[in-house]
Amino acid sequence: MQVISAEQVDAALNFPDLIDALSAGFAAPFQMPARQLLELAPEQGHDCLGLLPAWTDRLIALKAFTYLPGNAARGESVLHAQVLVFDRRNGQPLAQLEGRSLTRWRTAAVSALASRLLSRPGARRLLLLGTGELACPLVQAHLSVRPLDEVLVWGRRPAQAQARIEALRAQGCTARLAIAEDLEAAQQTADIIVAATGSGAPLVFGDLVPPGCHVDLLGNHRPDQRECDTALVQRAHVYVDSRANALREAGELIIPMQQGHLDAHQVRGELADLCRMARPLVRAPGSVTLFKSVGTALADLLCAQLVLQRLGLAQA
């Protein structure tokens, strides 16, 4: 069994190819049980162990990750992960991949794939909420699917937002980059809003988001927290990466459902449904779309598969 480092994952991937691989993989047959989030000490905080299995006719993958939000205060990583991949034909172990880098790639790529399927093709202005490890990959991924000419970055610490902007410039980002000093005003002019924060209270609001906007929420996976308010969920055409996962974990949907403002059937579809459409989705003029992602094992599998193909360890 091969052990694949973070450096090998990073060297093997680019967003255009990964997004295409995810699109094809979500359109094809697969099996994906609901992921398990096991709280390590419910009385002490939000520490958890996650287990994400999936398989196709070619591969079996299992990601195990730990999420300890208290690590941030100690200057340590909040997330650690490993992905095990097996040959579906005979069960033979093929590889163990470093999971933090793979998670960054697949999370950003899923966000951009959802935008390619749901946002307006001419979207020009992206508002990013969050300045963590995902900030730069998310911008680069979205730049690969939409002709963005302006990116606004918001964070509670302006110095961290500026650091991400400088990192993007160093990576060759050609869009105009600026700090979003007024979050409410920035929402009102955005074509695409991507939230990847640790916020437990809404930051994106239905009465601020402009007509035609696409909103992507990926920072929360707790049923009692949310990155947007109920008004946005009521107003938007809602899609999710996985019904089984989102309706158990995403407070953005669960809280409005508990309040009686949303029914499960109002979630219009999953990422796989969108990828399997024979023709691109036609948006009603001025409609708002919302994509809620909590993370899927299939995205991990497909990302790992592309890495193994590039390293000559799996067939294309």
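The structure under discussion appears in the preceding block.
Just so we're clear, the structure is a prediction, and the values are computed from it rather than from any experiment.

Caption draft 1: The arrangement of helix α3 (residues 99-118) in detail. Helix length check: α3 (20 residues) gives 28 Å between terminal C-alpha atoms against 28 Å at 1.5 Å per residue, within 8%. Burial analysis of α3 places 16 of its 20 residues in the buried class, which makes it a mostly covered element. Regarding α3, its N-cap is Glu-98, as a side-chain oxygen of that residue lies 3.0 Å from the backbone nitrogen of Arg-100 further along.

Caption draft 2: Expanded view of the packing of α3 against helix α11 (residues 297-310). α11 packs onto α3 with a crossing angle of 110° between their chain directions and a minimal axis gap of 9 Å. Regarding the angle of α3 to α11, the classification is roughly perpendicular. Crossing handedness for the pair α3 and α11: right-handed. Of α11, the residues touching α3 (which contributes Leu-102, Thr-103, Trp-105, Arg-106 and Val-110) are Ala-299, Asp-300, Cys-303 and Ala-304. Classifying every residue of the contact of α3 with α11 by side-chain character gives six nonpolar, one polar and two charged.

Caption draft 3: Here's a closer look at the packing of aromatic side chains. Per the stated rule, a full pass over the model turns up two aromatic pairs. Their ring planes at 40° and their centres at 4.6 Å tell us that Phe-15 and Trp-105 sit as a pair that is tilted. Placement of the pair is Phe-15 in helix α2 (residues 15-27) and Trp-105 in helix α3, with a sequence separation of 90 residues. Overall, the relative accessible area of 9% leaves Phe-15 in the buried class. Pairing Phe-26 with Phe-30 gives two aromatic rings, centres 6.1 Å apart and planes at 70°, and the pair type is edge-to-face. One exposure class covers both Phe-26 and Phe-30, and it is buried.

Caption draft 4: How the structure looks around the sheet that holds strand β3 (residues 48-55). A sheet is described by the order of its strands in space; here six strands give the open sequence β1-β6-β5-β4-β3-β2, paired in mixed fashion. For this open sheet the edge positions go to β1 (2-4) and β2 (36-39), each flanked by a neighbour on one side alone. Here the average twist between neighbouring strands, direction ignored, is 15°. Sheet topology places β3 next to strand β4 (residues 59-67); eight bridges connect them, and they run antiparallel. Among the inter-strand pairings, Gly-50 is bridged to a residue of β4, identified as Phe-65. Against the sheet, α3 touches β3, β4, β5 (79-87) and β6 (93-98), its axis set at about 90° to β5. Sheet strands in contact with α11 are β1, β3, β4, β5 and β6, and its direction is about 65° off that of β3.

Caption draft 5: Representation of the side chain of Gln-225 within the structure. For Gln-225, the position within the fold is in the loop between β11 (214-217) and α7 (230-235). Once residues within four sequence positions are removed from consideration, Gln-225 is found in contact with His-46, Gly-198, Ser-199, Gly-200, Asn-220, Gly-251, Glu-252 and Ile-255.

Caption draft 6: A look at the nonpolar core. One finds Val-9, Leu-22, Phe-26, Val-85 and Leu-97 to be the most contacted residues of the largest nonpolar core, which totals 69 residues. Take this core: its biggest share by element is ten residues, from α11. If we skip the residues at most four places from it in the chain, Val-9 touches Ile-4, Leu-97, Glu-98, Ser-101, Leu-102, Trp-105 and Val-307. Of all hydrophobic cores here, the second largest spans 31 residues; its members include Val-209, Val-238, Leu-262 and Val-267.

Caption draft 7: Local environment of the environment of Gly-50. Among the secondary structure elements, Gly-50 is positioned in strand β3. For Gly-50, the contacting residues outside a window of four places in its chain are Gln-36, Leu-37, Lys-63, Ala-64 and Phe-65.

Caption draft 8: Expanded view of the pairing of β6. Bridge count between β1 and β6: three bridges; the pairing is parallel. Within β6, the residue paired with Val-3 across the bridge is Gln-96. Pairing analysis gives five bridges linking β5 to β6, with the strands arranged antiparallel. Bridging across to β6, Gln-82 finds its partner in Glu-98. Counting the residues that bridge the hairpin from β5 to β6 gives five residues, and of these Gly-91 lies at a positive phi of roughly 75°.

Cut-offs used in this document
Residues numbered from 1 in each chain as written. Predicted model: local features only at pLDDT ≥ 70, side-chain atom pairs only at ≥ 80, totals over all residues. Heavy atoms only, no water. Helix = DSSP H or I, 4+ residues; strand = E, 2+ residues; numbered from the N terminus. Expected span 1.5 Å × (residues − 1). Buried < 20%, exposed > 50% of the residue type's maximum accessible area, 1.4 Å probe, protein only. Polar contact = N/O pair within 3.5 Å; in protein donor to acceptor, adjacent residues only side chain to side chain. Axes fitted to C-alpha atoms, helices over the stretch in contact; angles between N-to-C directions. Parallel < 35°, antiparallel > 145°, perpendicular 65-115°, else oblique. Left-handed = near helix turned anticlockwise from the far one by under 90°. Contact = heavy atoms within 4.5 Å. Nonpolar A, V, L, I, M, F, W, Y, C, P; charged D, E, K, R; others polar. Phe/Tyr/Trp six-rings, centres within 6.5 Å; stacked < 30°, edge-to-face > 60°. Pairing = 2+ DSSP bridges. Core = buried A, V, L, I, M, F, W, Y, C linked by side-chain atoms within 4.5 Å.

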